[in-house]
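Chain residues, written in single-letter form:
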Amino acid sequence: MSLFTPTLTTARLRLRPVTDRDADALYAMHSSPLVLRYWDSPPWTDPARAEAFVARSRQLAEDGVGVRLVVDRGTSDTYLGWCSLSRWVPAYRSAALGYCLDEAAWGHGYATEAAGAVLGWAFETLDLNRVQAETDTRNIASARVLEKLGFVREGTLREDCVVDGDVSDSWVYGLLRREWGSPAGAPQVTSPGT
């Protein structure tokens, strides 16, 4: 069963389905060593990776296991990054949150606002009980985003990533429905393409 991919708007952002037009911006962001320094894979070196990412984004929804949305600045349609909900398992009422924002978007609260919109939509429409997220232990900014959203650090995955010989740990965070309080405000949900 496929999953409806919404378009969400917040005070400053628009979150919309990923399209083929996003491939260049996705490649530029994911090929940046600075943006991907705490990622679980090295920076992209082949533009075809962006096309595969777009296809996987569509496949998430078609398979009914999640959604990935591009984050644009609402007033100018400037590409800022993406936010996703994946590994949705209706029987367990659980899913995973992920996000990646371009360097120019850092430090403005966009990650918290975008992730808050996705979480608000997900808790309202998917009957979720739990959302999990992980971040590299060195990525203090991402940990702060999760904590602002109400996530609780639940543990450490020791040496769970090895990227180009660099071994790192990850923190595991969890957010339960009863703990959710939308810090970014309730997003508006519209149909794709609007």
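Look up a bit, the structure's there.
Our subject in this report is the structure included herewith. (Residues numbered from 1 in each chain as written. Predicted model: local features only at pLDDT ≥ 70, side-chain atom pairs only at ≥ 80, totals over all residues. Heavy atoms only, no water.)

1. Looking at unusual backbone geometry
So, point 1. Notably, aspartate 77 is not glycine yet its phi reads approximately 60°, a positive angle.
So, point 2. Within the element layout of this structure, aspartate 77 appears in the loop between β3 (67–73) and β4 (78–89).
So, point 3. Here arginine 93, not a glycine, exhibits a phi torsion of approximately 55°, which is positive.
So, point 4. Examined against the element boundaries, arginine 93 turns out to sit in the loop between β4 and β5 (94–101). (Helix = DSSP H or I, 4+ residues; strand = E, 2+ residues; numbered from the N terminus.)

2. Digging into the side chain of serine 41
So, point 1. Tracing the chain through its elements places serine 41 in the loop between α1 (23–30) and α2 (48–62).
So, point 2. The class of serine 41 is buried, set by a relative accessible area of 18%.
So, point 3. The contacts of serine 41, once residues within four sequence positions are left out, are Leu36 and Val163. (Buried < 20%, exposed > 50% of the residue type's maximum accessible area, 1.4 Å probe, protein only. Contact = heavy atoms within 4.5 Å.)

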